[in-house]
Amino acid sequence: GERFAVIVEDDLEVGWDFWSLMAHHVWLLEADPTLLCISAWNDNARTHLLQAPSSLLRTDFFPGLGWALSGPAYRLSLAPLWPKAPVTGWDHWLRLPPAARGRGCVVPELPRTRHVEGRGANVGEGEWRKELEGVAFVGERGGQ
């Protein structure tokens, strides 16, 4: 099987260094069994709070929105538990203890992805604007 997989939803814009971020950090998934993913998203990345935009952080919350996981983590721990019936969202399911199993994720201080849609399965237009519009984004090469 594959060593890693990168999951990118169809309503995401990826920043100029998204693939570089993934390629340079997936090794952490093999080196640290307490990690579930490397994500390109950071829910808490408000522009006024950024201190070191090139740094990585660790979180115990599954952020989603463009992420990598190891093949063994999927095959051995996620695939056997994957819901057979619809749930509120696969990202919500991955945050539950049976799926997460106490594993964390590495996220960039400055997100490398963002939503391009104004609504989704679990968020309406007004909520989206309020919650996601203020999150920083790496954008095009050399700018935000």
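The shown structure was predicted, so the numbers you read here are calculated from the model rather than taken from an experiment.

(A) Region of interest: helix α1 (residues 18-25). Listing the buried residues of α1 in full gives F18, L21 and M22. Burial along α1 is one-sided: seen end-on, the buried residues are contained in an arc of 95°. Set apart from the buried face of α1 by more than 90 degrees, the exposed residues are W19, A23 and H24.

(B) Structural detail: the sheet that holds strand β5 (residues 67-70). One open sheet holds the five strands; their spatial order is β1-β5-β3-β6-β4, and the pairing between them is mixed. Strand pairing shows two members of the sheet lacking a second neighbour, β1 (4-7) and β4 (56-59), which therefore form its edges. If you compare each strand with its neighbour and ignore which way they point, the axes differ by 25° on average. In this sheet, strand β6 (residues 104-108) lies alongside strand β3 (residues 35-39) in parallel orientation, the contact comprising three bridges. Within β6, the position partnered with I38 by the bridge is V106. Across the sheet, α1 lies against β1, β3, β4, β5 and β6, angled at about 150° from β3, the strand it touches most. Packing against the sheet, helix α3 (residues 71-78) makes contact with β1, β3 and β5, and its axis sits at approximately 70° to β5.

(C) Representation of the packing of aromatic side chains in the model. Under the defined criterion, the tally for this structure stands at four aromatic pairs. Ring centres of F62 and W67 lie 4.8 Å apart, and the angle between their planes is 90°; this geometry places the pair in the edge-to-face category. What makes F62 buried here is its relative accessible area of 3%. The exposure class assigned to W67 is buried, which follows from its relative accessible area of 4%. Chaining the aromatic ring pairs together yields one cluster made of Y74, W82 and W93.

Thresholds applied
Residues numbered from 1 in each chain as written. Predicted model: local features only at pLDDT ≥ 70, side-chain atom pairs only at ≥ 80, totals over all residues. Heavy atoms only, no water. Buried < 20%, exposed > 50% of the residue type's maximum accessible area, 1.4 Å probe, protein only. Helix = DSSP H or I, 4+ residues; strand = E, 2+ residues; numbered from the N terminus. Arc of directions from axis to C-beta. Pairing = 2+ DSSP bridges. Axes fitted to C-alpha atoms, helices over the stretch in contact; angles between N-to-C directions. Contact = heavy atoms within 4.5 Å. Phe/Tyr/Trp six-rings, centres within 6.5 Å; stacked < 30°, edge-to-face > 60°.

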